[in-house]
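Structural features, examined
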Amino acid sequence: MKVLKFGGSSVAKAENILKIKNILSQEEDQLILVVSALGGVTDSLLEAGLLASQQDSDYKKLLLALEERHLQTVKELIPVTAQSKVLSKVKSEFNILETLLEGAFFIGEITPKLSDKIMSYGELLSSYIISEYLISEQLNAVFKDSRELIITQKVNGKNSVNFGKTNKNCQDYFNTSDTKITVCPGFISSSETGDSTTLGRGGSDYTAAIYAAAVDAHILEIWTDVSGMFTANPKMVKQAKAIPHISYEEAMELSHFGAKVLYPPTIQPVLSKGISIIIKNTFNPEEAGTLITKSKNEKGKTVRGISHIGNMALLSLEGPGMVGIPGISKRFFEVLSLADISVVLITQASSEHSICVGISADDIEKAVNVVNEAFEYEIERGRIKKVIPEKDLAIVALVGDNMKSHQGLSGKMFSTLGRNNVNIRVIAQGASERNISCIIDQKDVKKALNALHEEFFEENIKQLNLFVMGVGNVGAKFLEQIRSQRKYLKENLKLNIRVIGMSNSRTMLFDEKGIELNDWKNLLNNGEKANKEKFLEKVNSLNYRNSIFVDNTASQEVSTSYANYLGNSISVVTCNKIACSSAYDNYANLKSLARTYNAPFLFETNVGAGLPIIDTLKHLIASGDKILKIQAVLSGSLNFVFNNFNKETTFHDVVKRAQEEGYTEPDPKIDLSGIDVMRKILILARESGNRLEIEDIQNKPFLPEESLNTTTNEDFFASLKKHEDHFQSLFAHAEAANSKLKYVAQFDGGVASVGLQEIPKGHDFYNLEGSDNIVLFYTERYPNQPMIIKGAGAGAAVTASGIFADIIRIGNF
């Protein structure tokens, strides 16, 4: 014999009940079918009873809506020729229900006995309608009222099943029944005197488990709206997957910590009999579901699932008067117990100085009052501190039978949370080591669950969530590189890169599932109005794990936002040199924030575009080497200009071409004035461990004063034309000396300088072509023959690749 239980979502409407009939039609065993009330009906009955007890006549509207819903369900399920009897019965039951509610209305209260009677109608009506529908479909079915089989008694004021009488009733009935499908209402029972009673939370599961244990069913099937128990809540973790096989203990742990598929106390009857349970999906019956058995998970993974309980609060009892005093813990828990407050988590310091418990936030005010009252004497004398609650918290738990035999799981869990700036308030682990729990801020739950799921279940595929500011030349190339390399990164580097948000100067766009990069331009054009503050607010509110802010702009305003991102554990990758070349204190603060909040701050493209200049410098320093001198051509723009400028061309035309081909900043004066190179050598000097300001750098400009003083690009280019003779004379002087013009940056002995130099043949800089950069690092290990890094140092594609490389570095951290 099998017992099948279908929950409220499975019987919510007629089309769902049709699915149940199709499932039952495939069965060959004798079946006990336990059904819940139609979805939402129990809550409506509860509300109607409350309204009636408050003498609010609106209960009649609720009752009428419930009656219409049930009558409509009958009409949709049962052929017209068979409807009369069923409709008459349903109306009759609603007449009785109306009388009960009228009684509550007239006396202005609702007793527990009356409440149980009212609440029983949800399951009574649904089970009767479903049994009649199955009969109309020529299935061998019958309705059996659970109140005739399940008997309860009062224990400490609560309904408790009398298993002796219940088991005998069930065995006597089912052992003599030859009906294939017996339809029974869940949740309801009767007292020894024949009054209607209910089985409490998870009552329909409990009903099914009672029947399964009583008749020694070979399996209990619980049909719901999900395909089993998942590795995490699939509504919060999109990558969560169904667990094929799990032990009773693991299932109960996961259910205790928030998995809604099962309510732990309800499966106790089948657990004691060793009867297997399977969780199946009414709406996708072909899915395997989750099998729950007594057998241990000996060959499975160590961590079977990640769960959580929201709406939690912490209550701490602490003070010097607790140390070495017997009975404090007893009093504390006794006070909470007498106030009917359930303790979910307990932790105590070995010093005995404090006891901390996690309870539902709904009970926190009551808990504070009863505890402070109970310990009033000790509080007044300063032996124990007055209890102050902490709210807006949640419990996150790892669950698995085999966790106790594997070292390092706690460390892995807590380091994963730490990397994502999830602050842990309390840690607890049971002696069975079947779960490791911690309390965190409610706002961090989604990030924590996803980070842990990624760490323990996703084959080491790490998801990076990007928020991109600036989609011009560099930004567009960057997005294209991500789009084209996404498959390679996932398969070879185990990185899943998603662009969640992007913005230009006009509009911004967010998509929590990831922006479709094949159509990002159209999507962005139709986005909302750009606002840098709102962009930051949105990034923070999403609170994604492994979030990275990418700045592809040259905006000072954008650069001032880095501290806000880093301070919220959001990594920053930037090709914008302004922040790292700003006041030293700001630069140092950003580096400090990156370390404090474990949020990488990478700016490889600040110097040399995609060349690994800063990365190499960091490795030299980290390995114990010391920088003695740096010589470099750091402006791909200026190198392009002077490599293409000669007596056959004009300086104006070459600079214009450089701007059009994307080698210069939008304002080319930034490059030609030397400011850009000053920023770059300043950054290298700082990364070498030196405290330096931009004002400390000697700049020997080659531009005429008039060009330097222009305020628009139009005026700037006009001044270049005007002073063409000046530029030609610079070229002629170098050519006469058999040299080439190069704009050189140098840092030596704590002094930095930039300026145009004539480079003779044989020098490392002489044959530097196109827009290439070159850096010479003279160090204690490379004192005479410097370490040389050389290559393309400008252009949108190589700059984008440098940004991309920084993101991959973060992914590999």
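Above: the structure in question.
One structure accompanies this document, and this report is about it. None of the values given here were measured: they were computed from a predicted structure.

1. Focus: the packing of aromatic side chains
This model, assessed by the stated rule, comprises 24 aromatic pairs. Connected via pairs of aromatic rings, a cluster forms that spans Phe467, Phe510, Phe535, Phe549, Tyr562, Tyr565, Phe601 and Phe603. Geometry around Tyr544 places Arg498 over its ring, the cationic atom sitting 5.6 Å from the centre. Positioned above the aromatic ring of Phe717, the side-chain terminus of Lys656 is 4.4 Å from the ring centre.

2. Structural notes on the nonpolar core
Most often, soluble globular proteins have nonpolar side chains that are buried together. If you look at the biggest cluster of nonpolar residues, it comprises 74 residues, and the most contacted ones within it are Phe651 and Phe777. No other element matches helix H26 (residues 675–687), which puts seven residues into this core. With near-sequence residues (within four places) excluded, Phe777 lies in contact with Ile613, Leu617, Leu620, Ile627, Lys629, Ile630, Tyr782, Pro786, Met787 and Ile789. Membership of the second largest hydrophobic core comes to 52 residues, among which are Tyr59, Leu87, Phe94 and Val183.

3. Focus: the pattern of salt bridges
For the structure on display, the rule yields 33 salt bridges. In this structure, Asp676 engages Lys577 in a salt bridge whose closest nitrogen and oxygen atoms are separated by 3.1 Å. A residue pair is termed long-range when its members are at least 10 positions apart, and Asp676 in helix H26 and Lys577 in the loop between strand E24 (571–574) and helix H21 (584–596) qualify at 99 residues. Given the relative accessible area of 9%, Lys577 is considered buried. Here the salt bridges share partners, and the residues they tie into one network are Lys2, Glu27 and Glu221.

4. Some thoughts on the packing of helix H4 (residues 80–107) against helix H6 (residues 121–136)
Contact pair H4 / H6: the axes reach a minimum separation of 11 Å and the direction vectors enclose 175 degrees. Viewed along their axes, H4 and H6 adopt a mutual orientation that is roughly antiparallel. Two secondary-structure elements touch here, H4 through Lys85, Val86, Lys89, Val90, Glu93, Phe94, Ile96, Leu97 and Leu100 and H6 through Tyr121, Leu125, Tyr128, Ile129 and Glu132. For the contact of H4 with H6, a count of residues per class yields 10 nonpolar, no polar and four charged.

5. Details of the sheet that holds strand E18 (residues 435–441)
Within the open sheet, the six strands sit side by side as E14-E15-E13-E16-E18-E17. Their pairing is antiparallel. The two strands at the open ends of the sheet, each matched to only one other strand, are strand E14 (343–348) and strand E17 (424–429). Recorded for the sheet is a direction-independent mean angle of 30 degrees between the axes of neighbouring strands. One ladder, built from seven bridges, connects strand E13 (residues 305–318) with strand E15 (residues 354–360); its direction is antiparallel. The residue of E15 that forms the bridge with Leu314 is Gly358. Contacting E13, strand E16 (390–399) and E18, helix H15 (residues 445–457) runs over the sheet at an angle of about 125 degrees to E13.

6. A short note on the layout of surface pockets
For the second largest pocket, the calculated volume is near 910 Å³. Val474, Asn552, Ala554, Glu665 and Pro666 are the residues nearest the centre of the second largest pocket, which is lined by 41 residues in total. Put simply, the parts of the chain that give the lining of the second largest pocket at least two residues each are helix H16 (473–492), helix H23 (636–644), helix H25 (669–672), H26 and helix H30 (796–811). Looking at the lining of the second largest pocket residue by residue, the classes come out as 13 nonpolar, 21 polar and seven charged.

7. Some points on the sheet that holds strand E4 (residues 151–155)
Read from one edge of the open sheet, four strands run E5-E4-E7-E8, paired in mixed fashion. Only two strands of the sheet have a single partner each, and these edge strands are strand E5 (158–161) and strand E8 (196–198). The mean angle between the axes of side-by-side strands here comes to 55 degrees, regardless of whether they run parallel or antiparallel. Summarising the sheet, E4 and strand E7 (residues 188–191) pair through two bridges and their orientation is parallel. The residue of E7 that forms the bridge with Thr152 is Ser191.

8. With respect to the packing of helix H11 (residues 328–338) against helix H12 (residues 364–374)
The contact between H11 and H12 brings their axes to 10 Å, and the two run at 135 degrees. It follows that H11 is oblique to H12 by the angle criterion. The crossing of H11 and H12 is right-handed. Residues Arg331, Phe332, Val335 and Leu336 of H11 form the contact with H12, whose own contacting residues are Ala367, Val370, Val371 and Ala374. Of the residues in the contact of H11 with H12, the class split is seven nonpolar, no polar and one charged.

9. Some points on the side chain of Asn496
Within the secondary structure, Asn496 sits in strand E20 (residues 495–503). Overall, the relative accessible area of 15% leaves Asn496 in the buried class. Within the structure, the side chain of Asn496 is placed 3.5 Å from the side chain of Gln463, a separation counted as a polar contact. Leave out the neighbours within four places in its chain, and Asn496 touches Ile461, Lys462, Gln463, Leu464 and Lys490.

About the thresholds
- Residues numbered from 1 in each chain as written.
- Predicted model: local features only at pLDDT ≥ 70, side-chain atom pairs only at ≥ 80, totals over all residues.
- Heavy atoms only, no water.
- Phe/Tyr/Trp six-rings, centres within 6.5 Å; stacked < 30°, edge-to-face > 60°.
- Lys NZ or Arg CZ within 6 Å of the ring centre and 35° of its normal.
- Core = buried A, V, L, I, M, F, W, Y, C linked by side-chain atoms within 4.5 Å.
- Buried < 20%, exposed > 50% of the residue type's maximum accessible area, 1.4 Å probe, protein only.
- Helix = DSSP H or I, 4+ residues; strand = E, 2+ residues; numbered from the N terminus.
- Contact = heavy atoms within 4.5 Å.
- Salt bridge = Lys/Arg side-chain N within 4 Å of Asp/Glu carboxyl O.
- Axes fitted to C-alpha atoms, helices over the stretch in contact; angles between N-to-C directions.
- Parallel < 35°, antiparallel > 145°, perpendicular 65-115°, else oblique.
- Nonpolar A, V, L, I, M, F, W, Y, C, P; charged D, E, K, R; others polar.
- Pairing = 2+ DSSP bridges.
- 1 Å grid on protein atoms, 1.4 Å probe; cavity = no way out; pocket = protein on both sides within 12 Å on 5 of 7 lines; lining within 4 Å.
- Points joined across faces, edges and corners; volume = space filled by probe spheres on them.
- Left-handed = near helix turned anticlockwise from the far one by under 90°.
- Polar contact = N/O pair within 3.5 Å; in protein donor to acceptor, adjacent residues only side chain to side chain.

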